[in-house]
Amino acid sequence: MMVKIIVDNQEIEAEEGTTVLKACLDNGIYVPNLCFLESMTNPPASCRMCLVEIEGEKGPIPSCTIEVREGMVIRTETAPVRRLQRSALRLLLSVHEVDCAACPANKKCELQRLSKFLKVGLKPKGFELLLKEAKRDDEHPFLDYHPNRCIVCGKCVHVCQTTHGRPFLTFAKRGFNTTISTFGEKDATKIPCPTCMACVEICPVAALTVKTDPQ
Amino acid sequence: MNPTDKDKIDLAYQRLREKAQKHAESAQRPDIAKIYIGMATCGLASGALETRHAFEETLAERNIEAVIRPVGCIGHCYAEPLVIIDRPEFPPILYHQVTPGKARMLVKSFLENGDPLFEHVLGAMEENDLIPWVMDFPRFNQEKKIVTALCGKIDPEEIYDYINENGYSALAASLYMDPNELITIIETSGLRGRGGAGFLTGKKWGLARSVEGSEKFVICNADEGDPGAYMDRTILESNPHQLLEGMAICSYAVGANKGIIYVRAEYPLAVKTVKRAIEQATDLGLLGKSILGSSYDLEISIFEGSGAFVCGEETALIQSIEGKRGMPQNRPPYPVQKGLLGRPTVINNVKTLSAVPSILEHGPEWYKEIGTVKSPGTAIFSVVGDVIHAGLVEIPMGVSLRTLIFDICGGIPNKKQFKAVQIGGPSGGCLPSDFLDTPIDFDSLTEAGAMMGSGGMVVMDEDTCMVDVARYFLDFTQKESCGKCTFCRIGTRHLLNILERMTKGEGNPEDLDVLEELSQDVKMGSLCGLGKTAPNPILTSLRYFRDEYEAHVKEKRCPACVCRKLTAYYIDLDKCARGCDACVGSCPVEAIFTTKDRKKGIDQSLCVKCGECMAACPPEYAAVRKVSPPEKAPIIERPEKSENDGQDHSG
Ligand SMILES: Cc1cc2nc3c(=O)[nH]c(=O)nc-3n(C[C@H](O)[C@H](O)[C@H](O)COP(=O)(O)O)c2cc1C
Ligand code: SF4
Ligand code: FES
């Protein structure tokens, strides 16, 4: 069944059960987002980018976790929404090594896209830059991981899990130090990576890259 | 309900009462003394075990017959080990700080010779002509004990003790009531969740009941991760059956057949006590299959969490039980809709569930009469910090902060001034003295910028630096952030870094705006309650103590002289006593030297600002001073190495 919702004064239709975020994107209304994938049954809602205001709800809420309801009135560009999105982006950039020329994601990077959309410079003032010491984790036989690029969106963990039925990638450590880990697996015969690389493809910021000369 | 069911349940409960009565009679010998020793964690930490041994030994030595009963905590943690002696011909008397030596004395003087040793008495537990009744003291008579009424009075390891106090009668009566009627009673009582947010308990139960599905769960949240908070632990250790009864009533009302108590593994005594209580209740048919002969089954088990603060958050707690990383999930869906294993789940705090039996026993109207209109019932706080009588307090909602801190807890020690009170755990707010008349209830505290939280309260005196306090709490929440969402993961780290810079004198005025704006963003944007509340200590201290922040960033001055980098110690030569050496040996870095006229000075280049000399200086001189900024310390030249130095050290 289709339901009608109003987004920024524009009426759109969406299948019952879809998230507000998907409904917007499908209808050409861009809502910033970093951690959402359509195949997720239970989106993590962790990047806090896809905020919108919905009539009757308090304050901006992430649109990736709300299902459309008939007659819902949604605003995607209010001042509180933009303020939080800019703040979130500036926080992500404060732990990001901005070296676009040397980055394989250059020109297709989600952070570059957001920075343009939200009008936030890639090297914003205000927060000090907090980079991790290790620039690269090259433990894995086929992949390199770049902690200072990673935005901890979790898309890689999700696609790995859905492709292989079990994840070969996982979140490791806690809090500020949260990273993606490959379980320390070094035995090349035990991992399906060479023929897959789904994680590298999905990563929006090239934090996972293919090793150029696998051992 | 089927009337025969009612008869069956009543009969089963009646039998239990009779057994309990018999048990009490055989245990109770009116002719001999009974010694009740507080043996919860607070008592044990103060040496209750040694006290118990001393009693046992001396009783044996002197050949005196008496019964020793371990009990839980009555909340006066400042006075542990606490002992109540109930001796024939005397009212039961409460003694404080009963060391093994005092225990021996009490056996000899009181039990043997009838001299109650008045100097060690805290008060009598009953009204009498001989000894002042504890209820005449503000600490006792301003408290209102509902949830903790039996804590410290019954043996937590003995289910019959609880049954003799009418225990499990509310469960028995519930089992032949319509579950919806039960939920209405709890709703009418106005009971609000004591785990933090103050959500209406009856409403939560009603929501869980109304969700379709045959399998439902009830979880008791006993994670209690707030540093310094120990209300839940005390209840688990002192009266576990009241909680089990509350949980059983809740489970019956929502239609759950499985209950889980989520306790942190750092509470070994609580885990042990509750385990034993579950066994006893199961043995007596109060849990398990066909409870009290009814058709209702309930199994309660314990899950030991490994003590991450964030695992107290309900969705993270569920993940943790499911064996996953303890990461909060976005709500909705709420646990009442989709909780443990995707099933409708009620999560309530220990204090919430423990209040349930008394509400059913006395009726919702009785409960509503206690406290305030919007926050009925009592508040349980662990009051710590700069107060004379720290400990566990249960008061009716609506009592003012002033009454709680100054009357009930005895005020600020060492004739110091009150500065602020931090309420609601690590992410509560800091309120200044202007707010002392704020009534303690969910809404007033939230309005003031603090929160009820799960009941931690830290009182701070004039020697506290509010910037440093904010830094301290942010350090905690930042470390406990699970790392899932952007605002909390990165934002709290920046907040902490800015505060650290300020306390080191490296902050600048613009930092104040960044601090304030980022705090608001983290509060608005974070995924779960941890991030949403972590900035509270900053936002409230900025609001109420902004001048202190300004002093730190503009003048590099710490008004309370706490931040080390911004403070210097010096010796006031007008006060320093010639030839006194008290401070010299206390200094760990040998920064103290002797001046030409045999007074003392501090070498600022060596001083590590530990404050040892200040503590060592005899109070009649009180010559060591602190100043901020450090440049204000008068310069006292260190004399060239002279023969004087050696002499004074040896003297
Ligand atoms: C970071 C965090 C920690 C929490 N810790 C606890 C806790 O230790 N105990 C508790 O009962 N509730 C805690 N809560 C609140 C729970 O999420 C939940 O609201 C509560 O257990 C519900 O019980 P109630 O309705 O009886 O208050 C915490 C919440 C957050 C955000
Ligand atoms: S607010 Fe903090 S603790 Fe809660 S989900 Fe976000 S990162 Fe985790
Ligand atoms: S896309 Fe919704 S929070 Fe990340």
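Residues numbered from 1 in each chain as written. Chains lettered and ligands numbered in written order. Predicted model: local features only at pLDDT ≥ 70, side-chain atom pairs only at ≥ 80, totals over all residues. Heavy atoms only, no water.

J.: Honestly, the sheet that holds strand 8 (residues 299-305) of chain B in this entry has me stumped. Any pointers?
T.: Two strands in a sheet stick together by hydrogen bonds in their backbones, pointing the same way (parallel) or opposite ways (antiparallel). All names here are of chain B. Spatial strand order, 8-7-6-9: four strands in an open sheet with parallel pairing. Strands with a single pairing partner mark the edges of an open sheet, and in this sheet they are strand 8 and strand 9 (345-349). Taking each pair of neighbouring strands and ignoring which way they run, the sheet shows an average axis angle of 20°. (Pairing = 2+ DSSP bridges. Helix = DSSP H or I, 4+ residues; strand = E, 2+ residues; numbered from the N terminus. Axes fitted to C-alpha atoms, helices over the stretch in contact; angles between N-to-C directions.)

J.: What's the story with the pattern of salt bridges in this structure? I'm lost.
T.: Two side chains carrying opposite charge are able to pair once their charged atoms lie near each other. For the structure shown, the criterion picks out 43 salt bridges over all chains. For D144 of chain A, the salt bridge goes to K211 of chain A, with nearest N and O atoms at 2.9 Å. Here the residue D144 of chain A occupies a position in strand 6 (residues 143-145), and K211 of chain A occupies one in the segment after strand 9 (208-210), the gap between them amounting to 67 residues. For D144 of chain A, a relative accessible area of 7% gives the class buried. Looking at K211 of chain A, the relative accessible area reads 7%, which means it is buried. Residues E143 of chain B and R139 of chain B are paired through a salt bridge, measuring 3.4 Å at the closest nitrogen-oxygen approach. Overlapping salt bridges, with partners in common, bring together R136, D138, D144 and K211 of chain A in one network. (Salt bridge = Lys/Arg side-chain N within 4 Å of Asp/Glu carboxyl O. Buried < 20%, exposed > 50% of the residue type's maximum accessible area, 1.4 Å probe, protein only.)

J.: Help me understand a nonpolar patch on the surface in this model?
T.: Residues and elements named next belong to chain B. On the surface, F199, L200 and L207 cluster together to form a nonpolar patch covering roughly 240 Å² of accessible area. You can see L200 is positioned in the loop between helix 8 (179-189) and helix 9 (201-210). Residue classification places L200 among the partly exposed positions, given a relative accessible area of 37%. (Patch = residues over 30% accessible without salt bridge, like charges linked within 9 Å, V, L, I, M, F, W, Y side chains within 5 Å. Areas by Shrake-Rupley, 256 points an atom, 1.4 Å probe, with all protein chains shown as cover.)

J.: Whenever I open this one, the nonpolar core confuses me. Can you help?
T.: When a protein is soluble and globular, its nonpolar side chains tend to lie buried together. Ranked by size, the top nonpolar core spans 77 residues in total, and within it I163, Y168, W205, L244, I261, L286 and L292 of chain B carry the most contacts. The element that contributes the greatest number of residues to this core is helix 11 (residues 240-254) of chain B, accounting for nine residues. Counting the residues that make up this core, at least three belong to each of domain 1 (31-134) and domain 2 (159-368) of chain B. If sequence neighbours within four positions are ignored, L286 of chain B has contacts with L16, I159, I163, Y168, L171, A281, I291 and L292 of chain B. Counting 71 residues, the second-largest nonpolar core is a separate cluster that includes L89 of chain A together with L474, I498 and V522 of chain B. (Core = buried A, V, L, I, M, F, W, Y, C linked by side-chain atoms within 4.5 Å. Domains from an automatic or database assignment. Contact = heavy atoms within 4.5 Å.)

J.: Is there a simple way to think about unusual backbone geometry in this case?
T.: A cis amide bond, omega -10°, links E80 of chain B with the succeeding residue P81 of chain B. For P81 of chain B, the location among the structural elements is in the loop between strand 2 (66-71) and strand 3 (83-86). Of the consecutive residues R331 of chain B and P332 of chain B, the connecting peptide bond is found in the cis state with omega at -5°. Mapped onto the secondary structure, P332 of chain B falls in the loop between helix 13 (314-321) and strand 9. Positive phi, normally seen in glycine, also occurs at D8 of chain A, with a value near 45°. Examined against the element boundaries, D8 of chain A turns out to sit in the loop between strand 1 (2-7) and strand 2 (10-15). According to the relative accessible area criterion, D8 of chain A is buried, its value standing at 18%. Of note, E590 of chain B is a non-glycine position whose phi angle comes to about 55°, a positive value. Take E590 of chain B: it is sitting in the loop between strand 15 (568-571) and strand 16 (592-594). For E590 of chain B, a relative accessible area of 62% translates into the label exposed.

J.: Looking at this model, I keep getting lost on the site of ligand 1. Mind explaining?
T.: All names here are of chain B. In the vicinity of ligand 1 lie 19 residues, with G195, K204, E224, N349 and T352 positioned nearest. G312 places a polar main-chain atom, nitrogen or oxygen, 3.3 Å from a nitrogen atom of ligand 1. T352 is positioned with one of its side-chain polar atoms (N or O) 2.7 Å from an oxygen atom of ligand 1. Mapped onto the shell around ligand 1, the elements with two or more residues apiece are strand 9 and helix 21 (529-533). (Near = heavy atom within 4 Å. Polar contact = N/O pair within 3.5 Å; in protein donor to acceptor, adjacent residues only side chain to side chain.)

J.: Sorry if this is basic, but what is going on with the packing of helix 20 (residues 509-525) of chain B against helix 23 (residues 546-554) of chain B here?
T.: In helix packing, the relevant descriptors are the interaxial angle and the interaxial distance, both defined with respect to the helix axes. All names here are of chain B. Where helix 20 meets helix 23, the closest approach of the two axes is 8 Å, and the angle between their N-to-C directions is 135°. It follows from the interaxial angle that helix 20 and helix 23 lie oblique. Side by side, helix 20 and helix 23 meet where P509, L512, D513, L515 and E516 of the first sit next to R546, Y549, E550, V553 and K554 of the second. Looking at the contact of helix 20 with helix 23, its residues break down into five nonpolar, no polar and five charged. (Parallel < 35°, antiparallel > 145°, perpendicular 65-115°, else oblique. Nonpolar A, V, L, I, M, F, W, Y, C, P; charged D, E, K, R; others polar.)

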